[in-house]
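So the chains spell out like this:
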Amino acid sequence: GKQKLYPMTLSTLGKVYMNAGYCKAGVFADDEKRKDWLRRLNAIEGINISLEAINRFPPILFSILQSADRIGQFLAVMDWFILQVKAEQAEATQA
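Residues numbered from 1 in each chain as written. Predicted model: local features only at pLDDT ≥ 70, side-chain atom pairs only at ≥ 80, totals over all residues. Heavy atoms only, no water.

**Description of the pairing of strand S2 (residues 15-18)**
(1) Moving on: A one-sided burial pattern is seen for S2, the buried positions being Val 16 and Met 18 and the unburied ones Lys 15 and Tyr 17.
(2) Moving on: Bridging between strand S1 (residues 8-10) and S2 involves three bridges; their strand directions are antiparallel. Of the residues in S2, the one forming a bridge with Met 8 is Met 18.
(3) Moving on: Counted along the chain from S1 to the antiparallel partner S2, the turn is four residues long, and its residue Gly 14 has a positive phi close to 80 degrees.
(4) Moving on: Bridge analysis of S2 against strand S3 (residues 59-61) gives three bridges, and the strand direction is antiparallel. The residue bridging Tyr 17 from the neighbouring strand is Pro 59, located in S3. (Buried < 20%, exposed > 50% of the residue type's maximum accessible area, 1.4 Å probe, protein only. Helix = DSSP H or I, 4+ residues; strand = E, 2+ residues; numbered from the N terminus. Pairing = 2+ DSSP bridges.)

**Side note on the packing of aromatic side chains**
(1) Moving on: Throughout the structure, instances matching the rule amount to five aromatic pairs.
(2) Moving on: Three or more aromatic residues joined by ring pairs form one cluster here, namely Phe 28, Trp 37, Trp 80 and Phe 81. (Phe/Tyr/Trp six-rings, centres within 6.5 Å; stacked < 30°, edge-to-face > 60°.)

**Points about the sheet that holds S3**
(1) Moving on: In spatial order, the strands read S1-S2-S3; together these three strands make up an open sheet with antiparallel pairing. Looking at which strands have only one partner, the edges of the open sheet turn out to be S1 and S3. Looking at each pair of strands side by side, their axes are set apart by 20 degrees on average, direction ignored.
(2) Moving on: With respect to the sheet, helix H2 (residues 68-94) is in contact with S1, S2 and S3, its orientation differing from that of S2 by roughly 30 degrees. (Axes fitted to C-alpha atoms, helices over the stretch in contact; angles between N-to-C directions. Contact = heavy atoms within 4.5 Å.)

**Quick notes on the packing of helix H1 (residues 31-42) against H2**
(1) Moving on: Where H1 meets H2, the axes come as close as 9 Å, and the angle between the chain directions of the two elements is 160 degrees. The orientation of H1 with respect to H2, classified from their angle, is roughly antiparallel. The way H1 lies across H2 gives a crossing that is right-handed. Facing H1, whose interface residues are Lys 33, Asp 36, Trp 37, Arg 40 and Leu 41, H2 presents Phe 74, Val 77, Met 78, Trp 80, Phe 81 and Gln 84.
(2) Moving on: Grouping the amino acids of the contact of H1 with H2 by side-chain chemistry returns seven nonpolar, one polar and three charged. (Parallel < 35°, antiparallel > 145°, perpendicular 65-115°, else oblique. Left-handed = near helix turned anticlockwise from the far one by under 90°. Nonpolar A, V, L, I, M, F, W, Y, C, P; charged D, E, K, R; others polar.)

**Things to note about H1**
(1) Moving on: Along its twelve residues, H1 runs 16 Å from first to last C-alpha, staying within 8% of the 16 Å computed at 1.5 Å per residue.
(2) Moving on: Residues of H1 that are buried: Lys 33, Arg 34, Trp 37, Leu 38 and Leu 41. When H1 is viewed along its axis, its buried side chains cluster within an angular range of 140 degrees and face the same direction.
(3) Moving on: Those residues of H1 that are buried are in contact with S2 and H2. (Expected span 1.5 Å × (residues − 1). Arc of directions from axis to C-beta.)

**Section: the environment of Lys 33**
(1) Moving on: You can see Lys 33 is positioned in helix H1.
(2) Moving on: The spatial distance from the C-alpha of Lys 33 to the C-alpha of Ile 49 is 15 Å, given a sequence separation of 16 residues.
(3) Moving on: Residues contacting Lys 33, with those up to four places away along its chain left out, are Val 27, Phe 28, Trp 80 and Gln 84.

Following this line, the structure appears as structure tokens:
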């Protein structure tokens, strides 16, 4: 069956955890793809996740995402993540 990816966890402690450590399947099994994801997140002002965290669960404070611009950028990165997964699934269906 299909593997499930859980790219983030929302915490009641004011953080969103990026679950890079849980996203080692499918298109994101490749370390470089997970690094690309973290680079995209790091392009958002206030976010600075070490690329060494590709197998971990780095947090982002909600306070960083309070502005409309930053939350929009964050959601765009998560949309990109989903599109990568869907593109891989579409390729697998056609094969």
